[in-house]
Amino acid sequence: MPPLDVVAPDPPARRAKARGYNRHVPTLRELAAVCNVSPATVSRVLNGSERVRPETRERILAMMRELDYVPTRAARTLSTKESGLIAVILATAAHPELEHPFFQGLLEQFRHRICEAGYDPILLTGEALGAGDQYYVRRLRMHNVDGVLFLSVRGEDVEIDELRKTGIPIVAFDPEGIGPFAARIQSDNVAAGASVAEHLVAIGRQRIATITGLPETAPSRLRLEGFARALAAAGRELPPEYVVPGDFYATSGMAGTEQLLTLPEPPDAIFAMSDLMAIATIQTLQRRGLRVPEDVAVVGFDDIRFARLVTPPLTTVRQDVDTLGRLAAETLVAMIRDRDLEPPTLTVPTTLVVRESTGGSTLEEDARSVLDLL
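Residues numbered from 1 in each chain as written. Predicted model: local features only at pLDDT ≥ 70, side-chain atom pairs only at ≥ 80, totals over all residues. Heavy atoms only, no water.

1. So, the pairing of strand E5 (residues 183–187)
- Among the five residues of E5, four are classified as buried, and the element is accordingly described as predominantly covered.
- Note: strand E4 (residues 170–173) against E5, three bridges, orientation parallel. Each bridged residue has a counterpart across the sheet, and for Ala172 the counterpart in E5 is Arg184.
- Pairing analysis gives four bridges linking E5 to strand E11 (residues 345–348), with the strands arranged parallel. Bridge assignment links Arg184 to a residue of E11, and that residue is Thr345. (Buried < 20%, exposed > 50% of the residue type's maximum accessible area, 1.4 Å probe, protein only. Helix = DSSP H or I, 4+ residues; strand = E, 2+ residues; numbered from the N terminus. Pairing = 2+ DSSP bridges.)

What follows is the structure, encoded as structure tokens:
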């Protein structure tokens, strides 16, 4: 029998009862006493166990309805040894990942799926990380979380080894330096970088540059690897001065573009490794009197909503946010329920979406996209 889904009364009514304005809300032990059974028997009913006689189950369920009994998170912890809580850890960076449109979409899909499975996410923000003294390991233990989702793990995080010792199931998105004890969910960044280089070569660009993400992160390193490899296969060089570090956010896109424009031979194509940087690149080029794509073609990465609304609409690599978030949630739940499960590494394909910033024409698609945003 599946676990019982007990419908809670509306919050105002529940608060009124709890304050004594109506009637007392019973605890699990009080419910057990009224039903003349042990608390363990009530817990088995709540968790869908078949180790309860049908007549006893019906008597307990009837009394629950009569008393408006609502099982608490604490009761669940006592009966199942699970808290029902999932920690989402945002890595330390110049900007917290929660501000980035891509991570917002990923977390929304993850939250939806994890809640469907009966878990509630809690957030540990960037200032907690790297604080030393086992800061977030202590926080995770304090909340007795059942699992952890890491975003953009940094190789220098000092608590990773301590976290491994806790045995808490972990899923990491685009991990770097976390180790084999965690499941890994990632886009195919190498193939994505290669697809951008192949596209820019195919449209005849000769001086192809890139503004990377944070150099120490796996997505940035792997995208650059695929990009450089594909350029080399096409007989094109990628001079060091054509590789400018960024941080995935708009300000670094502006600064990186300005740096590239000071070169004796400025690029005629720029691959910015996030859409926020790419949009800032387009704006910087236009402010300098250059045309996109006639003078400089621009490609981004992520396919956030704003990518199709900028002028000209942005050619970009689309990450499958829905699949990434779903796989992260499903994998973490599976690892919680089967502690012997080997942590998998799952790689999700990307798609190059060609728009007008590299000379493409996607008026029909973008018209539909704009309607979707309304």
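2. So, the nonpolar core
- Among the nonpolar cores identified, the biggest contains 41 residues, and Val196, Leu200, Phe227, Leu260, Phe271, Val298 and Leu314 are the most heavily contacted of them.
- Secondary structure elements with two or more residues in this core: helix H9 (189–202), strand E6 (208–211), helix H10 (218–233), helix H11 (250–261), strand E8 (269–272), helix H12 (275–287) and strand E9 (297–302).
- No other element matches the six residues that H12 contributes to this core.
- If we skip the residues at most four places from it in the chain, Phe227 touches Gly193, Ala194, Val196, Ala197, Leu200, Ile208, Ala209, Thr210, Leu238 and Phe271.
- Phe102, Val171, Ile185 and Met335 belong to the second largest nonpolar core, which has 26 residues in total. (Core = buried A, V, L, I, M, F, W, Y, C linked by side-chain atoms within 4.5 Å. Contact = heavy atoms within 4.5 Å.)

3. With respect to the side chain of Thr284
- Assignment of secondary structure puts Thr284 in helix H12.
- Excluding residues within four positions of it along the chain, Thr284 makes contact with Met254, Thr257 and Glu258.

4. Section: the sheet that holds strand E7 (residues 243–244)
- An order of E7-E6-E8-E9-E10-E12 is seen for the six strands of this open sheet, with the pairing classed as mixed. Only two strands of the sheet have a single partner each, and these edge strands are E7 and strand E12 (351–353).
- As paired elements, E6 and E7 share two bridges and run parallel to each other. Pairing of Ile211 across the sheet is with Val244, part of E7.
- Contacting E6, E7, E8 and E9, H10 crosses the sheet at an angle of about 175° to E6. (Axes fitted to C-alpha atoms, helices over the stretch in contact; angles between N-to-C directions.)

5. As for the pairing of strand E1 (residues 85–90)
- With six of six residues buried, E1 is to be regarded as a mostly interior element.
- Here E1 shows a buried face lined by Leu85, Ala87 and Ile89 and a second buried face lined by Ile86, Val88 and Leu90.
- Pairing between E1 and strand E2 (residues 120–124): five bridges, direction parallel. By the bridge assignment for E2, Leu85 is matched with Asp120.
- Bridge count between E1 and strand E3 (residues 147–151): five bridges; the pairing is parallel.

6. Side note on the packing of aromatic side chains
- Enumeration according to the criterion identifies five aromatic pairs in this entry.
- Between Phe227 and Phe271, the ring centres sit 5.2 Å apart and the planes meet at 45°, which makes this aromatic pair tilted. Note that Phe227 is positioned in helix H10 and Phe271 in strand E8, a separation of 44 residues in sequence.
- The buried category is assigned to Phe271, whose relative accessible area is 0%.
- Taken together, a centroid distance of 6.5 Å and an interplanar angle of 40° make the contact between Phe271 and Phe301 tilted. Of the two residues, Phe271 is situated in strand E8 and Phe301 in strand E9; the sequence distance between them amounts to 30 residues.
- For Phe301, a relative accessible area of 0% puts it in the buried group.
- Ring pairing ties together the aromatic residues Phe102, Phe103 and Phe173, which thus form one cluster.
- Across the ring face of Phe301, the terminal group of Arg223 is positioned such that the distance to the ring centre comes to 3.6 Å. (Phe/Tyr/Trp six-rings, centres within 6.5 Å; stacked < 30°, edge-to-face > 60°. Lys NZ or Arg CZ within 6 Å of the ring centre and 35° of its normal.)

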